[in-house]
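# Understanding the architecture of this molecule
Here's the letter readout for the chains.
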Amino acid sequence: MSNQDDVTQQILAIATRSRQAARKLAGASRNLKDGALHAMANALLQHQGQILSANARDLERGRTGGMSEGLLDRLELTSERIEQISDSLLELASLPDPVGEVLRGSTLPNGIRLQQVQVPMGVVGMIYEARPNVTVDAAGLGLKSGNAVILRGGSAAAETNTQIVQILSEAVASVGLPRDAIQSIDEFGREGAVALMKARGYVDLVVPRGGAGLIQTVVNEAKVPVIETGVGNCHVYVDREVDQDQALAIVINSKTHRPSVCNAAEKLLVHQDRVHDFLPRVLSALSEAGVQLTGDERVRAVTPPGVVVEPAEEDDWACEFLALRAAVRVVDSLDEAIDHIGRYSSGHTDAICTTSLAAADRFTAEVDSAVVNINASTRFTDGGQFGLGAEIGISTQKLHARGPMGLAELTTSKWIVHGQGQIRE
């Protein structure tokens, strides 16, 4: 038996335990699931010392190995971040339980009553990298929506994730739910990830979350159904009719608030009528914030003294920087802005700054992204900010789930048929 065959058998054994756990979770009451979420939140705070110690070892290994600053930022946990993650579990507990919600119903002429109700997916696999907060988000969202989760968090966060999964699974078991509701396959490496994404019949859904390479690998190789989460090549377009002070604040926040995440803006498009007033202001502000800038010829022609704007290459327009870097372009019209976004956007989040209702309406109708913002920072594309408690990822595909994926997106539906002995003639 090859190593891959051996790993596959072990992954299928884990998935089998997950299916057994999922059956118990499917019938669990909201009170029991919410009790587990509270236990998980408290356990993270109680054991944050060992989590931070493990995280420090992962960070040191990452720095030694030349990990980028963006990935290091995603990997790093602090006491404040652990408190925020813990709070997100408490917020999940406060949200309505989607399981059992009736989506629609009717009574047929023969007296049969029909109901379409929300039910858990079953077993959900997560494949992600350098994001220990995703470990908690996936575990919490999975449990609240009645799903068992199998986590593959990548080697960069191996020690951190090992600690977190152990802490969370023990917390779940402490309230009487199955420990196997939360399992990790990190120890099996890439072979384990391959086995997970091919475990059709054992795993109901796989969600990849990470860089473009990881996502495309899962999409191309998986035999299990996949919800594709996308990279964030996000745009902010500043229209000819605009509140310039408001737009300046939105651009700076979208780019600099946390540049290493997928909802940070990477591209700035400015209408030609704002070239001589707004554009020099925003270039200066971005430069002062430490943003490295590239731009087209018209941008470079109005660059203020002391600001460096390098010539933009074609690759700049399609690239997700995940750093203090931005590409800037002047467009002649709203149409040109929409065309540019349609060509280069990853379909994650794109924003318009405008005081024109007509421009806002056209932008929202014609920009085909999961989230479209009007006069608001791209940084709001987030499960917590959307009131979803947390998110398992930002879906950029169009089937079933799109945008931040919360509880409802981790459910499917079944039809319940209530009869009194009816038979079909």
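Residues numbered from 1 in each chain as written. Predicted model: local features only at pLDDT ≥ 70, side-chain atom pairs only at ≥ 80, totals over all residues. Heavy atoms only, no water.

## Looking at the layout of surface pockets
Filter applied, for reference: For cavity detection a 1 Å grid was placed over the protein atoms alone, and a set of points counts as a cavity when a 1.4 Å probe fits there but cannot get out; an open set counts as a pocket when protein lies on both sides within 12 Å along at least five of seven lines, with lining residues being those that have an atom within 4 Å of a point. Grid points are joined across faces, edges and corners, and a volume is the space filled by probe spheres set on the points. Only DSSP runs of H or I reaching four residues or more are called helices, and only runs of E reaching two or more are called strands; each is numbered from the N terminus. Throughout this entry, Asp, Glu, Lys and Arg are counted as charged residues, while Ala, Val, Leu, Ile, Met, Phe, Trp, Tyr, Cys and Pro are counted as nonpolar. The remaining residues, Gly among them, count as polar.
Size it by volume and the largest pocket reaches roughly 860 Å³. Lining the largest pocket are 29 residues, with Gln 84, Asn 133, Arg 258, Arg 379 and Asp 382 sitting closest to its centre. Within the residue set of the lining of the largest pocket, elements represented by two or more residues are α5 (79-94) and α6 (132-144). Among the elements that make up the lining of the largest pocket, the one with the highest residue count is α5 (five residues). Counted by class, the lining of the largest pocket contains seven nonpolar, 11 polar and 11 charged residues. The space that makes up the second largest pocket amounts to roughly 250 Å³. Lining of the second largest pocket is provided by 14 residues; of these, Val 165, Gln 166, Ile 182, Gln 183 and Ser 184 occupy positions nearest its centre.

## What about the packing of helix α10 (residues 244-256) against helix α11 (residues 278-288)?
The criterion, for reference: For helices, the fitted line uses only the C-alpha atoms of the stretch in contact; every axis is such a line through C-alpha atoms, and the angle between N-to-C directions lies from 0 to 180 degrees. For any helix crossing, the convention is left-handed if the near helix is rotated counterclockwise from the far helix by under a right angle, and right-handed if that rotation is clockwise. Two residues qualify as a contact provided that any one of their heavy atoms is within 4.5 Å of a heavy atom in the partner residue.
Axis separation between α10 and α11 bottoms out at 10 Å; the angle between their running directions is 35°. Taken as a pair, α10 and α11 cross one another with a handedness that is right-handed. On the side of α10, the interface is formed by Gln 244, Asp 245, Ala 247, Leu 248, Val 251, Ile 252 and Lys 255, while α11 contributes Phe 278, Arg 281, Val 282, Ala 285 and Leu 286. Split into classes, the residues belonging to the contact of α10 with α11 amount to eight nonpolar, one polar and three charged.

## Here we look at the sheet that holds strand β6 (residues 205-209)
Put simply, the rule reads: Any two strands with at least two DSSP bridges between them are considered paired.
If you trace the four strands from one edge of the open sheet to the other, you get β5-β4-β3-β6, paired in parallel fashion. What marks the edges here is a single partner per strand, and that holds for β5 (182-184) and β6. The sheet shows a mean angle of 20° between the axes of neighbouring strands, direction not considered. Pairing of strand β3 (residues 123-128) with strand β4 (residues 148-152) involves five bridges; the strand directions are parallel. Bridge pairing links Met 126 to Leu 151 in β4. Against the sheet, helix α7 (residues 158-174) contacts β3, β4 and β5, and its axis sits at roughly 155° relative to β5.

## Thoughts on the UniProt feature "domain: Aldehyde dehydrogenase" (unreviewed entry) in the protein
We apply this condition: UniProt positions are given in the numbering used here, feature names are shortened, and annotations may be inferred rather than shown by experiment.
Taken from the UniProt record, the annotation "domain: Aldehyde dehydrogenase" (unreviewed entry) applies to residues 17-291. Helix makes up 51% of residues 17-291 and strand 16%, and the two end C-alpha atoms of the span are 48 Å apart.

## Topic: the nonpolar core
Formally: Among the buried residues, those of types Ala, Val, Leu, Ile, Met, Phe, Trp, Tyr and Cys that are joined through side-chain atoms within 4.5 Å form a nonpolar core. Burial here depends on accessible area, computed with a 1.4 Å probe over protein chains only, as a share of the maximum for the residue type. Under 20% is buried, over 50% is exposed, and the range in between is partly exposed.
Counting residues in each nonpolar core, the largest one holds 71 residues, and the members touching the most others are Met 40, Leu 44, Ile 182 and Val 203. Broken down by element, the residue count for this core peaks at eight residues, all from helix α1 (residues 3-26). For Leu 44, the contacting residues outside a window of four places in its chain are Ile 51, Ile 82, Ile 85, Ser 86, Leu 89, Val 136, Ile 164, Ile 167 and Leu 168. By size, the runner-up hydrophobic cluster in this structure holds 27 residues, among which are Ala 247, Phe 278, Val 291 and Val 309.

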